[in-house]
Amino acid sequence: MSRIPKQQISKEEKQLIPSVSLARNKECISFSFEALETTEYFNLDATCSNWSSELFDMLKIVSAAKKSELLSGRYRNYRVHNHENATPPSKLPDGVTLKECYQIRISKSKGGIHGIFYENIFYVIWLDPLHNMYPDERYGGLKKIKPPNTCCRDREKTIVDLQEQINQLKDELEFYEEYYSSENHES
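Rules used in this analysis
- Residues numbered from 1 in each chain as written.
- Predicted model: local features only at pLDDT ≥ 70, side-chain atom pairs only at ≥ 80, totals over all residues.
- Heavy atoms only, no water.
- Helix = DSSP H or I, 4+ residues; strand = E, 2+ residues; numbered from the N terminus.
- Buried < 20%, exposed > 50% of the residue type's maximum accessible area, 1.4 Å probe, protein only.
- Areas by Shrake-Rupley, 256 points an atom, 1.4 Å probe, with all protein chains shown as cover.
- Pairing = 2+ DSSP bridges.
- Contact = heavy atoms within 4.5 Å.
- Axes fitted to C-alpha atoms, helices over the stretch in contact; angles between N-to-C directions.
- Salt bridge = Lys/Arg side-chain N within 4 Å of Asp/Glu carboxyl O.

### Considerations on the overall build of the protein chain
Logical step 1: Of the regular secondary structure elements, the protein chain holds four helices and five strands.
Logical step 2: Taken from N to C terminus, the helices and strands of the protein chain fall in the order α-β-α-α-β-β-β-β-α.
Logical step 3: Within the protein chain, buried positions represent 30% of all 187 residues.
Logical step 4: Accessible surface computed for the protein chain: about 14,100 Å², of which carbon and sulfur atoms make up 53%.

So this is what it looks like as structure tokens:
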């Protein structure tokens, strides 16, 4: 009986994924998405193709920071601040106040994420690619998120459009068949 060979992993590959106990400093920021909500103003559906890449870059960098460093302004690119004076277009979840709600910016043009800190965990509540927490009329103001346009939705729309064309062509064919047959009967 032959045995299935085990995959050989080099020493370099083993070091790419540290053991659980060494995975990260327990004082560094962790992100949780269990409080994530989608609303007509806060959603991923309006993102450009690079948005998620920049989001993950930000999450990776901020995950190496301590909460105190992040709130002190050490990571200025991410413009971390609370929303004490904001007027959100969507209702905050029960039990969450604006004073405890924070933004971490992804980049100046990519918006940010909003949530709350509990110890060193940042609970993401909203994803805000359109800057809807602080809409600016110079950039189009408050915008509702467009419905998702996925490959499946594109395909479904194409099928509906093609079915309409088929129906229209069938109607035209029927018309011309009737017209042709009535002309042949008259002559």
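### Re the sheet that holds strand β3 (residues 101-107)
Logical step 1: One open sheet holds the five strands; their spatial order is β1-β5-β4-β3-β2, and the pairing between them is mixed. Edge positions in the sheet fall to β1 (30-32) and β2 (81-82), since each of these pairs with one other strand and no more.
Logical step 2: Here β3 pairs with strand β4 (residues 111-118) via six bridges, running antiparallel. Counterpart to Cys101 in the pairing with β4 is Ile116.
Logical step 3: In this fold helix α2 (residues 51-62) packs onto β1, β3, β4 and β5 (121-128), with an angle of close to 120° to the strand it touches most, β3.

### Description of unusual backbone geometry
Logical step 1: The backbone of Arg79 shows a phi angle near 40°, a positive value even though the residue is not glycine.
Logical step 2: Mapping Arg79 onto the fold places it in the loop between α3 (67-71) and β2.
Logical step 3: Assessed through its relative accessible area of 47%, Arg79 is described here as partly exposed.
Logical step 4: Of note in this structure, Glu119 is not a glycine but carries a positive phi near 55°.
Logical step 5: One can find Glu119 in the loop between β4 and β5.
Logical step 6: Residue class for Glu119 comes out exposed when judged on its relative accessible area of 54%.

### Here's the deal with the pattern of salt bridges
Logical step 1: Scanning the entire structure with this criterion turns up six salt bridges.
Logical step 2: When the shortest N-O distance is used, the salt bridge between Asp94 and Lys91 registers 3.0 Å. For the pair Asp94 and Lys91, a shared accessibility class is recorded, and that class is exposed.
Logical step 3: The partner of Lys157 in a salt bridge is Asp161, with the nearest N and O atoms 3.0 Å apart. Placement of both Lys157 and Asp161 in helix α4 (residues 151-186) is noted, with a separation of four residues, approximately one turn of the helix.

### Digging into the pairing of β3
Logical step 1: Where burial is concerned, most of β3 is hidden: seven out of the seven residues are buried.
Logical step 2: Two successive antiparallel strands, β3 and β4, enclose a turn made up of three residues.

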